[in-house]
Amino acid sequence: MSDDRETDTASEGSYQLSRHKKSPSSLTNLSSSSGMTSLSSVSGSVMSVYSGDFGNLEVKGNIQFAIDYVDSLKELHVFVAQCKDLAAADIKKQRSDPYVKTYLLPDKGKMGKKKTLVMKKTLNPVYNEILRYKIDKQILKTQKLNLSVWHRDTFKRNSFLGEVELDLETWDWDNKQNKQLKWYPLKRKTAPVPLEAENRGEMKLALQYVPEPMPGKKLPTTGEVHIWVKECLDLPLLRGSHLTSFVKCTILPDTSRKSRQKTRAVGKTTNPVFNHTMVYDGFRPEDLTEACVELTVWDHYKLTNQFLGGLRIGFGTGKSYGTEVDWMDSTSEEVALWEKMVKSPNTWIEAILPLRMLLIAKISK
């Protein structure tokens, strides 16, 4: 999922509250936010290998491919030749628009997925494409190669047509027969691994609730929530060895741009230190039950940003201001942090939380 970004002016080592806007982002009209429940899924490129539509179509047919390790390039080459007798996604016209996708498991986020072109209106597509992975041979011997075939419809939705998995630990790389093209029967999907099983890294952060930012004032003031993003640990590499990450914060249900703050981008490390504090005001005590802090980590590359993982910190009740919402889905660890913050006002509560896959709320203008 790509996302535009403004420049960020937080100083590099700042431990102070970096109020780099004239005033902290305000939570006025939280309950009447226009973008409250408009959710769209993150792009397929970061969805799990198990995203997409399973079970609607029968799995049949075969795929022909070969694999080879090129020592001089330190590359795994997967030569995808063709498929035959695939299931028809369009039953009436007896055709599909198939493509082949490959992953190295278990850590598919690290090496990324590779895809062939989509072949239109055929059950016997011919690809003759080489998909390449730059990987050390010793690491390759700890991996499984997953090839899956998918139908892509005109709305870019994917339907699963079958898969093959090769265990590379036991693969004989010296056997010349193993470099020849072979036909493999497509199989049904094995039981999905929960998304949480993927390692998307962790975030070290601290939260503080300040009920009275200006004590002594006669007029009642609303409270503030302070979010101190300290660092991330073991972020996944989606682009080989390159990573330039930043963290974005939105207080749901307010998905307007004024609700959004972000850290600066930190390059060339999977363990970026941000030390950036974001301040949100306008919190009444009752808002703490209805709101949710969404923190997302992104890899910034050229003009696009790739989603790496995120957190949703709140009470995880599934509801906000009486409306059922998808985003109020905090894990037990995320709920525990929010509960501690609410119970201990004016105190920094620190935690290290695992990043996870999220459906991202759309930003309203």
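Because the structure is predicted, anything quoted here is derived from the model rather than measured. (Residues numbered from 1 in each chain as written. Predicted model: local features only at pLDDT ≥ 70, side-chain atom pairs only at ≥ 80, totals over all residues. Heavy atoms only, no water.)

Got a sec to walk through the sheet that holds strand S4 (residues 75-84)? Specific residues and values, please.
The sheet built from four strands is open, its strands ordered S7-S4-S3-S10 with antiparallel pairing. Of all strands in the sheet, those with a lone pairing partner are strand S7 (126-134) and strand S10 (182-185), marking the two edges. The sheet shows a mean angle of 30° between the axes of neighbouring strands, taken without regard to direction. Direction of pairing for strand S3 (residues 62-70) relative to S4: antiparallel, over a ladder of nine bridges. Bridge pairing links Ile67 to Val78 in S4. (Pairing = 2+ DSSP bridges. Helix = DSSP H or I, 4+ residues; strand = E, 2+ residues; numbered from the N terminus. Axes fitted to C-alpha atoms, helices over the stretch in contact; angles between N-to-C directions.)

How would you explain the pairing of strand S21 (residues 349-354) if you had to name every residue and give the values?
Each regular strand carries side chains that alternate between the two faces of the sheet. Only one face of S21 is covered, namely the one carrying Ile349, Ala351 and Leu353; the face carrying Glu350, Ile352 and Pro354 has none of its residues buried. Bridge count for strand S11 (residues 202-210) against S21 is six bridges, and the pairing is antiparallel. Counterpart to Leu205 in the pairing with S21 is Ala351. (Buried < 20%, exposed > 50% of the residue type's maximum accessible area, 1.4 Å probe, protein only.)

Explain the sheet that holds strand S6 (residues 114-115) to me, using residue names and the numbers behind them.
Pairing within the open sheet is antiparallel, and its four strands lie in the order S6-S5-S8-S9. Only two strands of the sheet have a single partner each, and these edge strands are S6 and strand S9 (158-167). In terms of strand pairing, strand S5 (residues 98-105) meets strand S8 (residues 144-152) through eight bridges, oriented antiparallel. In the sheet register, Leu104 faces S8, and the bridge partner there is Leu145.

Could you give an account of the side chain of Arg312, with specific residues and numbers?
Along the chain, the position of Arg312 falls in strand S18 (residues 304-313). The exposure class assigned to Arg312 is buried, which follows from its relative accessible area of 2%. There is a polar contact of 3.1 Å between the side chain of Arg312 and the side chain of Asp329. (Polar contact = N/O pair within 3.5 Å; in protein donor to acceptor, adjacent residues only side chain to side chain.)

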